[in-house]
Amino acid sequence: MTTVFSSIADWRYFRKEMLDTETLGVVPTLGGLHEGHFALVRRSLEENDRTVVTVFLNRVQFNKKEDYEKYPANFEEDVAALEAMGVDAVLAPEFDAMYPDNYDFRVSEKNLSNAMEGAHRPGHFDGVLTVVMRLLNIAQADRAYFGQKDYQQLALVEGMVKAFFMPTKIVACPTVRSDTGLALSSRNRRLSKEGLEQAAFFPQILNTSASVTEAISRLKGKGFEVEYVEDRDGRRLAAVVIEGVRLIDNLVPGSLQIDSEVAGRREARL
């Protein structure tokens, strides 16, 4: 049975009572769980004696209030799914418990956090790094699992853990995609059927374009509002907006295998 902890003190008591020989994995989430999250959970269940999933909609990392308010989270559904998977615990504290300082103390990074996502979402990574540090300090897990879809976030979390000598090992897990190649995201639920079909061109164009300039041109030609496309360290990272929904992705160009029949049917409909 999955135990839900809203009290950090109760969780700490539970953590203290674990055997010294038991390993603990943590999967930090905002809620609105989907198969991408569940892949992280399965990895943790396989590699650890116990697993805790944090479900905390961290409003300080949303630079737009409407994005926070529209985030598609359903706590009861999330807990039911995690219990069916055999997760030991869900940590779901209230805002005041997570931020007794009212977010006066925060973690900032001066370089990578100012590019790409950081340039378009001021303050976003301060919120991300601050909540991740707090959650890792509370969980005291041996391993923490993060998806590569949020590649910039992953790099920053890895850097923070190293810089502050934190003992938790960060485990990077591959991006989970639909059969069209679209990276799974809670935000996808806000797209219409037509929007989902159009969104599937996003990874395809990133994957097959010879350059950033070509990718931007092709994305605009398919009706996307392009915030950025950048090539860094052998990867192509991008953010676009469709139907008012902001999507991000990253991949190594040429590495994504998309079913040609699926892609063809999608092209024909559009």
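Quick note: structure is the one above.
These remarks concern the structure in this document. Throughout this document, residue positions are counted from 1 along each chain, in the order its sequence is written. Where local features are concerned, this predicted model is filtered to residues with pLDDT of at least 70; where side-chain atom pairs are given and counted, the filter is 80 or more; whole-chain, interface and lining totals use all residues. Hydrogens and waters are ignored; side-chain quantities use all the structure's heavy atoms.

1. Considerations on the sheet that holds strand E5 (residues 143–147)
Within the open sheet, the 6 strands sit side by side as E1-E4-E3-E2-E5-E6. Their pairing is parallel. The sheet terminates laterally at strand E1 (3–5) and strand E6 (169–173), the two strands that pair on one side only. On average, adjacent strands in this sheet sit at an angle of 25 degrees to one another, irrespective of strand direction. What makes two residues a contact is simply this: any of their non-hydrogen atoms within 4.5 Å. Under this scheme, a helix contributes an axis fitted over its contacting stretch, all axes are lines through C-alpha atoms, and angles between N-to-C directions fall in the 0 to 180 degree range. A helix here means a DSSP run of H or I that spans at least four residues, while a strand means a run of E at least two residues long, and both kinds are numbered starting from the N terminus. Against the sheet, helix H1 (residues 8–17) contacts E1, strand E2 (24–29), strand E3 (50–55) and strand E4 (89–91), and its axis sits at roughly 130 degrees relative to E1. Contacting E2, E3, E4, E5 and E6, helix H7 (residues 124–139) crosses the sheet at an angle of about 150 degrees to E2. Strands are labelled as partners when DSSP assigns at least two bridges between them.

2. Concerning unusual backbone geometry
Apart from glycine, the bulk of residues carry a negative phi angle, and the bulk of peptide bonds sit in the trans form. A positive phi angle is found at Asn-102, which is not glycine, with a value near 60 degrees. Mapped onto the secondary structure, Asn-102 falls in the loop between helix H5 (95–98) and helix H6 (117–120). The backbone of Tyr-103 sits at a positive phi, close to 65 degrees, despite the residue not being glycine. Structurally, Tyr-103 can be placed in the loop between H5 and H6.

3. With respect to helix H10 (residues 201–208)
Within an α-helix, residues lying three or four positions from one another point in the same direction, as the helix has 3.6 residues per turn. Most of H10 is tucked away, with 7 of its 8 residues classed as buried. Only protein chains enter the calculation, and the probe is 1.4 Å; a residue is then buried if its accessible area is under 20% of its type maximum, exposed if over 50%, and partly exposed in between. Three or more residues of H10 are buried, namely Phe-201, Phe-202, Pro-203, Gln-204, Ile-205, Leu-206 and Asn-207.

4. Observations concerning the pattern of salt bridges
Definition used for salt bridges: Asp or Glu carboxyl oxygen within 4 Å of a side-chain nitrogen of Lys or Arg. Summed over the entire model, instances satisfying the criterion amount to 14 salt bridges. Between Lys-70 and Glu-66 there is a salt bridge, with the nearest N and O atoms lying 4.0 Å from each other. Here Lys-70 and its partner Glu-66 are both found in helix H3 (residues 65–70), 4 residues apart, which amounts to about one turn of the helix. The class of Lys-70 is partly exposed, set by a relative accessible area of 45%. Here Glu-66 falls in the partly exposed class, since its relative accessible area comes to 44%. Each of the salt bridges in this network shares a partner with another, and the network as a whole consists of Glu-117, Arg-121, Glu-227 and Arg-246.

Any functional reading would require information that these geometric values do not contain.
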